[in-house]
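Structural features, examined
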Amino acid sequence: MASTEQLMIGGGPKYVQMQSEAEAEAAPSDFPSMASSFFSFHHHNFPGGESPRIFYELPKATIVQVSRPDAGDISPMLLTYTIEVQYKHFKWDLVKKASQVFYLHFALKKRKFIEEMHEKQEQVKEWLQNLGIGDQATAMQYDEEPDDETVPLRGDGSARNRDVPSSAALPIIRPALGRQHSMSDRAKGAMQGYLNHFLSNIDIVNSQEVCKFLEVSKLSFAPEYGPKLKEDYIMVKHLPKILDNAEDRRCCSCQWLCCCRDNWQKVWAVLKPGFLAFLKDPFDPKPLDIVVFDVLPASDGNGEGRVSLAKEVHDHNPLRHYFRVTCGTRSIKLRTKSNAKVKDWVVAINDAGLRPPEGWCHPHRFGSFAPPRGLVEDGSQAQWFVDGSAAFEAIGLAIEEAKSEIFICGWWLCPELYLRRPFHAHASSRLDSLLESKAKQGVQVYILLYKEVALALKINSVYSKRKLLGIHENIRVLRYPDHFSSGVYLWSHHEKIVIVDHQICFLGGLDLCFGRYDSGEHKVGDHPSQIWPGKDYYNPRESEPNSWEDTMKDELDRLKYPRMPWHDVHCALWGPPCRDVARHFVQRWNYAKRNKAPNEQAIPLLLPQHHMVIPHYMGKNKEIESGENSDYGNHKDVRRNDSFSSLSSFQDVPLLIPQEADGPDAVKIEPKLNGFNPLHDLHGQTSRLSRNPFFFGKCKIEPLIPDMPMRGFVDDHDTLDLQSEMSHMKQTGLEVSEKEWWEIQERGDQVASADEMGQVGPRVSCCCQIIRSVSQWSAGTSQNEESIHSAYCSLIDRAEHYVYIENQFFISGLSGDEIIQNRVLEAIYRRIMRAHNEKKCFRVIIVIPLLPGFQGGVDDSGAASVRAIMHWQYRTICRGHNSILHNLYNLIGPKMHDYISFYGLRTYGRLYDGGPVASSQVYVHSKIMIIDDRTTLIGSANINDRSLLGSRDSEIGVLIEDREFVHSSIGGKSWKAGKFAMSLRLSLWSEHIGLHAGEVNQIRDPVIDSTYKDIWMATAKTNTTIYQDVFSCIPNDLIHTRVSLRQCMSFWREKTGHTTTDLGIAPNKLESYKDGDITGTDPMERLKSVKGHLVSFPLDFMCKEDLRPVFNESEYYASPQVFH
């Protein structure tokens, strides 16, 4: 199937798209067809001889100012004209000298003459052939190549249709001499007349001469890239040789010097608010190179202040005019024709990249690359998903709706993963099938995989890459890093991202891989196979597959071994936060492409999209004109007295504080989105926005509401009003009673049933900020970004009532710890001590895995990695002078448990009907923190140095601050709780402690004793006791040494006849003594008293052992940083 390269406008791809002919014929009809173009040279540069167009309607140009260098000089040729140009929603200013207008005029006339000669030549050739004189006529040759100011012209129409202003029109731009004071006005009128003359012809407007004069290109008017800024030809040296017209790509107009014969090439530079792109020419949409702007260092190291994005470079040769663009690890030297152009470029680039606060080179709160979104109504929305069943369903639905592009980034990806279950009934939901279907429709798929060290991990990314690349040519895959060339062996790419059409993105703890699909039921068995096919029946504590290629073949014996249930949290984002995540992906993709496949044409560079609602925390901006003349100086930072106690100088943007619902500043949410009513779906039917936009049982989905990237370009003054998620309960303000609201979430007002509702949250308007951990090796940045770490510490410091954490690891350090560098633990310790000193109630609840999810029993010879991680976690929690419980106990004694406690999750069930009763830990893989029922942090980052320091694993997360509130209570007092944060906490707690829909009100207040002690802690203690009685499972507080562990394992394996790694198989009958006799009871009867999955974390397990690797274990010689 033939394909063409083109730049899709509006809703299409935001990069060079390979598009089928059928799709090309279905292009938007609002663009006028091109029956003919201006000129016809060089047709071979474009498929089918079509001439590209930049303008699809006529632009408007207005002379706003005429100036001259000397007030006493009245020569028309020295006049300078400031021209304001408008095309659709874009405005920009041009400053042109009269001489440039003359050059443009004569270039157009010259090309018209050459075109006419070419047509006559073709007529003579055809006439001679008809006479039979010869099949070929000698082509007319022109020795003179187009000069530097004139570029080849394209077209296929008749010269008669190209009405270049004749020489009779030229005198109007040479006004007759008159009185000096009227000179400017007459020159202005004369030039306006000339511009109106040639701008009234669509073919002339689309000529390269006019497009260069107007400084426009194929990227100029794509709204997704933001307002139009500076564009022009410049010279570059760092790019590979550009073959066509290479001899014409001179750096200056000198013909007698050889300064240009040193590999400098002329390219078209396009400056946008977020990047600088280089094109072969204005009509070529495919970028040759891109500089994506990123946060610059605060100092250049020489005491000269902050590093500049662009800077002049002086050269001893006066004919050479340079400037340098430095961003991340890149430093590019560029050349222009004059020093004035150098100055213009330097000012424009620095202005685009550094203007605070929206400039991408400016650090934001927590030192993040991205600013907070949603402080004004910009369409920022979020929705949570608990466990893989809900999240995978949503991701599958989003992929099915993809129209242009899909970005996927993961630590591990399995192409054979089913996104819906039972898998027999949803064959089309397999990830490779979904991607193949969309790729065949022309959707471009870009996948970034972590390239693992094969000796250390068995995720086999090379198999995944080959499998994916074999699906379709529209699927591109990069694995990174190359360990040898980069020198990176210990760290990984750990983000889990799916982005669809820049409209919706998913991030959190879930990779698209085996073992992650699960529901709140957390079953331990699946025989016969219905839910988890083949190697998706996964338990890394028992065995890691050596090969992933035969995916439908079981790795574990389902009759003997339980799977390891998987608990995780994911979220979906819409609006500007989604595009911030996409920008992170683009930055990483381009960096990997330059390092792995710099010359591979099939792997393109990507362009980041822009957010038109800016600045986001500087007040509403009603008009964003093109760039350099925009004045942001009148806006003032929003500040509050109770803003963050900063750990960095960038945390000056406050968290949201709920307003009184009936106060004068109460926010009213109207169901209006720039003229589009989101309360009606695409078929005109009313949609219940109290429902979730995705339904994950009956495959129903409400249409996604697109944000409006055209807002704010010229004269759209409408504000972006967001709909209420609870439209039927809309009151004067944003608040409803907590009980009423939560019960409505649980009732049939939503499409999903009550059993499913605990897995999916409401889609609500929020303030969101994307945070991440990246560095030079992972993303090509000039400095480490650890904004996730900063956010954790600052949020904990500002917490008023409670901190709830779920994480795969909990390894952190107190102040003065020279080994562990992250300070999450220190923030928790200080916040607890402050609460104790103030005699206030404060809770810290932490849920982590009972054991690390790696292969091998705790006492096995090959399980040194498991023991090493246990060592660092116990060192953080309760063992030694660096642990938090040790330090708290020294100061406040046993009351420390009133402030902080640790938990795990466990479940049970039969492996099959009539089979043995098995138990397994529910592996906590979520990476979340909820504070005060108002603030939520969700991402991929673990609490350890690997994830938080920025220089190690790459991570991404989002800080979500509620903007919609409900009446609730904390500490027995009235409290305005956020819809997102509180609904997520209630869902998690209900699952963990086994509450039904009607019992949720019991845990409404998270900190009072009746919730924290009587329900939460009591449930954990009861469940722990029952599991110990039935399974004597590992780990537990009764085993303190490896000797006792061996004895316990030996006894129970002999008793049950099973050899599971962590025990967990119940005997057929539980023995008990009654009236001196031994009686046997069914273990399931005892287990009926278990509520939910919550159990106490075993603080005394192996407390008398040193769990660090010893000299005869290979882990002893590895860097300890690998484990923490």
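Right, let's walk through the structure included here. It should be emphasised that the depicted structure is a prediction, and the values quoted were computed from it without experimental measurement. (Residues numbered from 1 in each chain as written. Predicted model: local features only at pLDDT ≥ 70, side-chain atom pairs only at ≥ 80, totals over all residues. Heavy atoms only, no water.)

1. With respect to the overall build of the protein chain
When you go through the protein chain residue by residue, the secondary structure sums to 24 helices and 35 strands. By residue count, 60% of the 1124 residues in the protein chain fall in the buried class. Restricting to contacts in the protein chain with at least 6 residues of sequence separation, those with at least 24 account for 73%. (Helix = DSSP H or I, 4+ residues; strand = E, 2+ residues; numbered from the N terminus. Buried < 20%, exposed > 50% of the residue type's maximum accessible area, 1.4 Å probe, protein only. Contact = heavy atoms within 4.5 Å.)

2. Quick notes on the sheet that holds strand S5 (residues 90-97)
The antiparallel open sheet is built from three strands, whose spatial order is S3-S4-S5. The strands lining the two open edges of the sheet, one partner per strand, are strand S3 (60-67) and S5. Within the sheet, the average angular offset between the axes of one strand and its neighbour, ignoring direction, is 20°. Sheet topology note: the strand S4 (residues 80-87)/S5 ladder contains eight bridges and is antiparallel. (Pairing = 2+ DSSP bridges. Axes fitted to C-alpha atoms, helices over the stretch in contact; angles between N-to-C directions.)

3. Examining the pattern of salt bridges
According to the stated counting rule, one finds 41 salt bridges in the structure shown. The partner of Glu-401 in a salt bridge is Lys-403, and the shortest N-O contact between them spans 3.8 Å. The exposure class assigned to Lys-403 is exposed, which follows from its relative accessible area of 58%. Ionic pairing is found between Arg-985 and Asp-933, a salt bridge with its closest N-O pair at 2.7 Å. Within this pair, whereas Arg-985 is found in helix H21 (residues 979-993), its partner Asp-933 is found in the loop between strand S28 (928-931) and strand S29 (935-939), the two being separated by 52 residues in sequence. Across this residue pair, the class does not change: Arg-985 and Asp-933 are buried. Because the salt bridges share partners, they merge into one network encompassing Asp-289, Arg-330 and Arg-594. (Salt bridge = Lys/Arg side-chain N within 4 Å of Asp/Glu carboxyl O.)

4. A closer look at the packing of aromatic side chains
On inspection of all chains with the given rule, the structure shows 31 aromatic pairs. Considering the side-chain rings of Tyr-446 and Trp-589, the 5.1 Å spacing of their centres and the 85° angle between planes classify their relative orientation as edge-to-face. Pair noted here: Tyr-446 is in strand S15 (residues 444-450) and Trp-589 is in helix H11 (residues 576-596), with a separation of 143 residues, a long-range link. Among the aromatic residues, ring-to-ring pairing joins Phe-55, Tyr-87, Phe-90, Trp-92 and Phe-221 into one connected group. We note Arg-335 situated over the ring of Trp-264; from NZ or CZ to the ring centre the distance is 4.2 Å. In this structure, Arg-563 is placed above the aromatic ring of Trp-532, and the distance from its NZ or CZ to the ring centre is 3.8 Å. (Phe/Tyr/Trp six-rings, centres within 6.5 Å; stacked < 30°, edge-to-face > 60°. Lys NZ or Arg CZ within 6 Å of the ring centre and 35° of its normal.)

5. Describing helix H8 (residues 431-440)
If you check which residues of H8 are buried, you get Leu-431, Asp-432, Leu-434, Leu-435, Lys-438 and Ala-439. For H8, the buried positions fall inside an angular range of 160° around the axis, keeping them on one side. Buried residues in H8 make contact with helix H7 (388-400), strand S14 (405-410), S15, helix H9 (461-469) and strand S16 (475-480). Backbone geometry just downstream of H8 places Gly-442 in the positive-phi region, at approximately 100°. (Arc of directions from axis to C-beta.)

6. Observations concerning a nonpolar patch on the surface
A cluster of nonpolar side chains, Val-1110, Phe-1111, Tyr-1116 and Tyr-1117, forms an exposed patch at the surface whose accessible area comes to about 480 Å². Mapping Val-1110 onto the fold places it in the segment after strand S35 (1094-1096). (Patch = residues over 30% accessible without salt bridge, like charges linked within 9 Å, V, L, I, M, F, W, Y side chains within 5 Å. Areas by Shrake-Rupley, 256 points an atom, 1.4 Å probe, with all protein chains shown as cover.)

7. Comments concerning the environment of Cys-578
In this structure, Cys-578 sits in helix H11. You can call Cys-578 buried: its relative accessible area is 0%. As a C-alpha pair, Cys-578 and Leu-507 span 71 residues in sequence and 9.7 Å in three-dimensional space. If near-sequence neighbours (up to four positions away) are discounted, Cys-578 is found in contact with Ile-499, His-502, Gln-503, Ile-504, Cys-505 and Leu-573.

8. As for the environment of Gly-862
Take Gly-862: it is sitting in the loop between strand S24 (843-847) and helix H17 (864-877). Separated by 253 residues in the primary sequence, Gly-862 and Glu-1115 have C-alpha atoms spaced 9.6 Å apart.

9. Notes on the pairing of strand S11 (residues 321-327)
For S11, a buried count of five out of seven residues is recorded, marking the element as mostly surrounded by other parts of the structure. As paired elements, S11 and strand S12 (residues 330-336) share seven bridges and run antiparallel to each other. Each residue of the ladder has a partner; that of His-321, found in S12, is Thr-336. Once S11 ends, the chain turns through two residues before running back antiparallel as S12, passing Gly-328 with a positive phi of about 65°.

10. Focus: unusual backbone geometry
In this model, His-527 is joined to Pro-528 through a cis peptide bond whose omega is 0°. Locating Pro-528 in the fold gives a position in the loop between strand S18 (504-508) and strand S19 (566-567). Residue Pro-1035 follows Ile-1034 across a cis peptide bond; omega there is 5°. Looking at the secondary structure, you find Pro-1035 in the loop between helix H22 (1009-1031) and helix H23 (1042-1056).

11. Structural notes on the packing of helix H15 (residues 787-798) against helix H16 (residues 824-838)
Look at H15 against H16: their axes get within 9 Å of each other, and the N-to-C directions meet at 5°. What the angle tells us is that H15 and H16 run roughly parallel. Taking contact as the criterion, the partners of His-789, Tyr-792, Cys-793, Ile-796 and Asp-797 in H15 are, on H16, Val-824, Ala-827, Ile-828, Arg-831 and Arg-834. (Parallel < 35°, antiparallel > 145°, perpendicular 65-115°, else oblique.)

12. As for the sheet that holds S11
Spatial ordering of the open sheet is given by S9-S8-S7-S6-S12-S11-S10, a layout of seven strands whose pairing is antiparallel. Whereas interior strands pair on both sides, the edge strands pair on one side only; in this sheet they are strand S9 (287-292) and strand S10 (310-313). The sheet shows a mean angle of 35° between the axes of neighbouring strands, direction not considered. Pairing of strand S8 (residues 275-279) with S9 involves five bridges; the strand directions are antiparallel. Bridge pairing in S9 links Leu-276 to Val-291. The strands that H11 touches are S9 and S12; relative to S9, the one it contacts most, it runs at about 125°.

13. Topic: the packing of H21 against H22
Contact geometry for H21 and H22: axes closest at 9 Å, N-to-C directions at 50°. If you check the angle between H21 and H22, you find them oblique. Between H21, through Trp-989, His-992 and Ile-993, and H22, the contact on the second element is made entirely by Thr-1011, Ile-1015, Trp-1016 and Thr-1019. In terms of residue class, the contact of H21 with H22 is built from four nonpolar, three polar and no charged. (Nonpolar A, V, L, I, M, F, W, Y, C, P; charged D, E, K, R; others polar.)

14. Let's talk about H7
Across its 13 residues, H7 extends 18 Å between first and last C-alpha, which sits within 8% of the 18 Å expected from 1.5 Å per residue. Extensive coverage of H7 is indicated by the burial of 12 of its 13 residues. Turning to H7, its buried residues number three or more, namely Gly-388, Ser-389, Ala-390, Ala-391, Phe-392, Glu-393, Ala-394, Ile-395, Gly-396, Leu-397, Ala-398 and Ile-399. For H7, the elements touching its buried residues are strand S13 (381-386), S14, H8, strand S17 (497-500), S18 and strand S20 (569-574). (Expected span 1.5 Å × (residues − 1).)

15. Some words on the pairing of S17
Along S17, one buried face is formed by Ile-497 and Ile-499 and the opposite face, lined by Val-498 and Val-500, is buried too. Sheet topology note: the S14/S17 ladder contains four bridges and is antiparallel. Considered in S17, the bridge of Cys-409 is made with Ile-497. In terms of strand pairing, S17 meets S18 through four bridges, oriented antiparallel. Paired with Ile-497 across the strands is Leu-507, a residue of S18. Between S17 and S18, which pair antiparallel in sequence order, lie three residues; one of them, Asp-501, sits at a positive phi of approximately 60°.

16. As for the environment of Arg-867
By the secondary structure assignment, Arg-867 is in helix H17. Along the chain, Arg-867 and Pro-852 lie 15 residues apart, while their C-alpha atoms are 8.6 Å from each other. If near-sequence neighbours (up to four positions away) are discounted, Arg-867 is found in contact with Gly-857, Val-858, Asp-859, Asp-860, Ser-861, Arg-1042, Leu-1107 and Glu-1113. In this structure the side chain of Arg-867 is engaged in a polar contact, spanning 2.7 Å, whose partner is the backbone oxygen of Val-858. (Polar contact = N/O pair within 3.5 Å; in protein donor to acceptor, adjacent residues only side chain to side chain.)

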